[in-house]
Amino acid sequence: QMLRLHLPDPPVDSEDESQEEAAAGATAASSRSSIPMDAEHVELVKRTMAGVKLPTLGIPAWASQISEEQWKDVVQRTLQARQS
């Protein structure tokens, strides 16, 4: 907010979600958290993500005007504000 940036609110879970969908979501979340992330897998993810290039049209103008550290600070403060 100090840089006049607006981060969207996190998505709100639908209240009319069925029990079956909730159970499926819990199972999916559980299986995602069980992926082995030993050093070899971490390096594989790093190499894969290093090859990802975003199209420059998808980058807002303000993003080129602030440093990575400034952006991290804005995100961190926003997350802290939402938690309190």
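Rules used throughout
Residues numbered from 1 in each chain as written. Predicted model: local features only at pLDDT ≥ 70, side-chain atom pairs only at ≥ 80, totals over all residues. Heavy atoms only, no water. Helix = DSSP H or I, 4+ residues; strand = E, 2+ residues; numbered from the N terminus. Buried < 20%, exposed > 50% of the residue type's maximum accessible area, 1.4 Å probe, protein only. Patch = residues over 30% accessible without salt bridge, like charges linked within 9 Å, V, L, I, M, F, W, Y side chains within 5 Å. Areas by Shrake-Rupley, 256 points an atom, 1.4 Å probe, with all protein chains shown as cover. Salt bridge = Lys/Arg side-chain N within 4 Å of Asp/Glu carboxyl O. Expected span 1.5 Å × (residues − 1). pLDDT = per-residue confidence, 0-100.

### What about the overall build of the chain?
Move 1: Helices and strands together make up the secondary structure of the chain, namely three helices and zero strands.
Move 2: Secondary structure elements in the chain, listed N-terminal to C-terminal, are α-α-α.
Move 3: Within the span of the chain, comprising 84 residues, buried residues form 5% of the whole.

### Brief notes about a nonpolar patch on the surface
Move 1: There is a patch of nonpolar side chains on the surface, built from Ile35, Met37, Val45, Met49, Val52, Leu54 and Ile59 and spanning about 680 Å² of accessible area.
Move 2: Mapped onto the elements, Met37 comes out in the loop between α1 (19-33) and α2 (39-50).

### Let's talk about the pattern of salt bridges
Move 1: Inspection of the entire model under this criterion finds three salt bridges.
Move 2: Ionic pairing is found between Arg77 and Asp73, a salt bridge with its closest N-O pair at 2.1 Å. Here Asp73 and Arg77 lie together in helix α3 (residues 68-83), a separation of four residues that amounts to about one turn.
Move 3: Since its relative accessible area comes to 35%, Arg77 is described here as partly exposed.
Move 4: For Asp73, a relative accessible area of 35% corresponds to the partly exposed category.

### Side note on α2
Move 1: Counted at 1.5 Å a residue, the expected span for α2 with its 12 residues is 16 Å, and the 16 Å between its end C-alpha atoms agrees.
Move 2: Little of α2 is tucked away, with zero of its 12 residues classed as buried.

### Some thoughts on the confidence of the model for the chain
Move 1: In this model, the chain carries an average pLDDT of 75, and 61% of its residues clear a pLDDT of 70 or more.
Move 2: Per-residue pLDDT, averaged within each element of the chain, yields its smallest value for α1 (57) and its largest for α3 (92).

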